[in-house]
Amino acid sequence: MSTPVPGRVEVDPPPIEPYTYGLLSVAQVVTGDGRWQMGGVEYSTDACAQGGRVEGSCPVPADGGGTSHDKPLAESLDWVTGGAPFTVYHRAECNAVAFTDPQERALARLRVVEHREVEKAFSLQLGAADARQPLGTAAVPLLVALGALEHNAALYYGGQPTLHAPRWTQPHWTAARLVSQQGPELRTELESRVAFGGGYYDDPSAPADPAPAEGEFWLYATGTVTARRSQPFVHEAFDPPTNTRVAIAERTYALDHDCYVAAVLVTVAPAGGGA
């Protein structure tokens, strides 16, 4: 008599822990419904205002006319227009038999993908921005790029910048000791936040799958990022002919960054090398 072979037993899958240190770990996240879901937001800001400098404590214009208050106005960016709203979604679909909670399944799937999909949207938003390029379009080492952006932000932005890099670049930053953990965030030595986005494109203006072996990516610096998002919501439907239940979970986002944005093309050493 042959020995019976036990059948497989269905068990719960292991828990999924969402990845950390992405865009939503450094953004100001505001959760709640509002009119912004129709067209996004805009706001006035002083963060990129440029001042001036004159010699002496009570200077007189060189031509001898006017008063000490006749100082030219420096150019500044007064208004920021955020990105258009977009909706991240996921669905769950199965035969109605034993499919007891499709809405919870759809919500669980949404939580798994929303970080990555939000980063894809923000990466494209950066690619469409008129970014400063303090070093032009030539690829430079990571150390040079970081220094250039930290300095450029100090010249043209009034606060701490936020840096954005594809996730595959993180080992190069760590190897060069460019970032350290501060609570749920990674920051540079100068306290700038760094987001390693799993959805960031190496070149947001020409999006494609990441190519770590090529060793080049665009490093962006922005002002403070705000991520406005709705509460997640679910739609459910039942198809009688197929006896199928379908649930679609969604959440609407609108992203903006304060007035500053700059970018530098970075080249990193091949695998096994330094930054």
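Please refer to the structure placed before this passage.
Now for a description of the structure that goes with this document. (Residues numbered from 1 in each chain as written. Predicted model: local features only at pLDDT ≥ 70, side-chain atom pairs only at ≥ 80, totals over all residues. Heavy atoms only, no water.)

## Side note on helix 4 (residues 142-156)
Here comes step 1: Taking 1.5 Å per residue as the helical rise, helix 4 with its 15 residues ought to reach 21 Å, and the 21 Å between its terminal C-alpha atoms agrees with that figure.
Here comes step 2: Those residues of helix 4 that sit buried are L142, A145, L146, A148, L149, E150, N152 and A153.
Here comes step 3: Structurally, helix 4 contributes buried residues whose contacts are with strand 5 (140-141), strand 6 (162-166), helix 5 (170-175), strand 10 (216-222) and strand 14 (261-267). (Helix = DSSP H or I, 4+ residues; strand = E, 2+ residues; numbered from the N terminus. Expected span 1.5 Å × (residues − 1). Buried < 20%, exposed > 50% of the residue type's maximum accessible area, 1.4 Å probe, protein only. Contact = heavy atoms within 4.5 Å.)

## Comments concerning the environment of V140
Here comes step 1: If you trace the backbone, V140 turns up in strand 5.
Here comes step 2: Measuring from C-alpha to C-alpha, the distance between V140 and V266 comes to 5.0 Å, with 126 residues separating the pair along the chain.
Here comes step 3: Not counting chain neighbours up to four residues away, the residues in contact with V140 comprise L135, A145, V264, L265, V266 and T267.

## As for the pattern of salt bridges
Pairs may arise between side chains of opposite charge once their charged atoms sit close together.
Here comes step 1: Here the structure, examined in full by the defined rule, presents eight salt bridges.
Here comes step 2: Note that R111 is salt-bridged to E104, the shortest N-O span being 3.2 Å.
Here comes step 3: Between E236 and R245 there is a salt bridge, with the nearest N and O atoms lying 2.7 Å from each other.
Here comes step 4: The structure contains a network of salt bridges with shared partners spanning R116, E117 and K120. (Salt bridge = Lys/Arg side-chain N within 4 Å of Asp/Glu carboxyl O.)

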